[in-house]
Amino acid sequence: MAFNINVNGQDHTVDVDDDTPLLWVLRDVLGMTGTKFGCGMALCGACTVQIDGTATRSCITTIDSIGPSKIVTIEAIGETPAGKKIQQAWLDREVVQCGYCQSGQIMSATALLAGNPKPSDADLDDAMSGNICRCGTYVRIREAIKQAATGSTTQGG
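So, here is what we can say about the structure in this document. (Residues numbered from 1 in each chain as written. Predicted model: local features only at pLDDT ≥ 70, side-chain atom pairs only at ≥ 80, totals over all residues. Heavy atoms only, no water.)

In terms of helices and strands, the protein carries five helices and five strands. Relative to the compact-globule value of 15 Å for 157 residues, the protein shows a C-alpha radius of gyration of 15 Å, a close match. C-alpha atoms of the protein, sized along the principal axes, occupy 50 × 30 × 25 Å. Taken over 157 residues, the protein has a buried fraction of 45%. Just so you have it, the protein exposes about 7,800 Å², and 52% of that area is on carbon and sulfur atoms. Charged side chains of the protein number 12 positive and 17 negative; the gap between the two group centres comes to 11 Å. (Helix = DSSP H or I, 4+ residues; strand = E, 2+ residues; numbered from the N terminus. Rg over C-alpha atoms; globule rule 2.2 N^0.38 Å. Buried < 20%, exposed > 50% of the residue type's maximum accessible area, 1.4 Å probe, protein only. Areas by Shrake-Rupley, 256 points an atom, 1.4 Å probe, with all protein chains shown as cover. Lys, Arg positive; Asp, Glu negative; His and termini not counted. Charge placed at Lys NZ, Arg CZ, Asp CG, Glu CD.)

Given below as structure tokens:
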């Protein structure tokens, strides 16, 4: 079946079964491999994209549920104000180790800051709780999000 979707500001027509997960449409049909497969059950957050600004697990979101929504992936998140701040903070705080979870982490963090530019610690916990980092860089992830929210570039700030 043919579906029209908007990804990163570009319209695409994809011919897939209606229950095909968005993750596989992005990776296998559109060739956008920045979004990762982790668990396939929306538990780890590696597959996180934004749909109309909301962090969404693409591994369980079927293509037939997308409709006219706007999808943003890691490939374009740096073009948004919050995404640019988060990506710079990720570099400043040297967050990445293996890097596998980072696209999902960045997508969740960016959705948080876009909707709440000055999140509390509880807001940060809620927004990031579904994103797992096997390398354990949670402290640096928190520091990077706080840096992006405050504009501070000092270590520990």
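Back to the write-up after that little detour.
All right, on to the sheet that holds strand 4 (residues 54-57) then. An order of 2-1-5-3-4 is seen for the five strands of this open sheet, with the pairing classed as mixed. Unpaired on one side and paired on the other, strand 2 (10-15) and strand 4 mark the two borders of the sheet. Between one strand axis and the next, the sheet turns by 40° as a mean value, whatever way the strands run. Inspection of the sheet shows strand 3 (residues 48-51) paired to strand 5 (residues 70-72) by two bridges, in the antiparallel sense. Paired with Q50 across the two strands is V72, which belongs to strand 5. The strands that helix 1 (residues 22-29) touches are strand 1 (2-7), strand 2, strand 3 and strand 5; relative to strand 3, the one it contacts most, it runs at about 105°. Lying over the sheet, helix 3 (residues 102-115) contacts strand 3, strand 4 and strand 5, oriented at roughly 35° with respect to strand 3. (Pairing = 2+ DSSP bridges. Axes fitted to C-alpha atoms, helices over the stretch in contact; angles between N-to-C directions. Contact = heavy atoms within 4.5 Å.)

Taken as a whole and judged by the stated rule, the model has one aromatic pair. Ring centres of W24 and F37 lie 5.4 Å apart, and the angle between their planes is 35°; on these two criteria the pair is classed as tilted. Of this pair, W24 sits in helix 1 while F37 sits in the loop between helix 1 and strand 3, and the two are 13 residues apart along the sequence. (Phe/Tyr/Trp six-rings, centres within 6.5 Å; stacked < 30°, edge-to-face > 60°.)

Attention shifts here to the layout of surface pockets. Put simply, the largest pocket is a space of about 180 Å³. As for the largest pocket, its lining consists of 14 residues, of which A82, K85, L113, A114 and P117 are closest to the centre. When residues of the lining of the largest pocket are traced back to their parent elements, those giving at least two are helix 2 (81-92), helix 3 and helix 5 (138-150). The residue makeup of the lining of the largest pocket, split by class, is eight nonpolar, four polar and two charged. (1 Å grid on protein atoms, 1.4 Å probe; cavity = no way out; pocket = protein on both sides within 12 Å on 5 of 7 lines; lining within 4 Å. Points joined across faces, edges and corners; volume = space filled by probe spheres on them. Nonpolar A, V, L, I, M, F, W, Y, C, P; charged D, E, K, R; others polar.)

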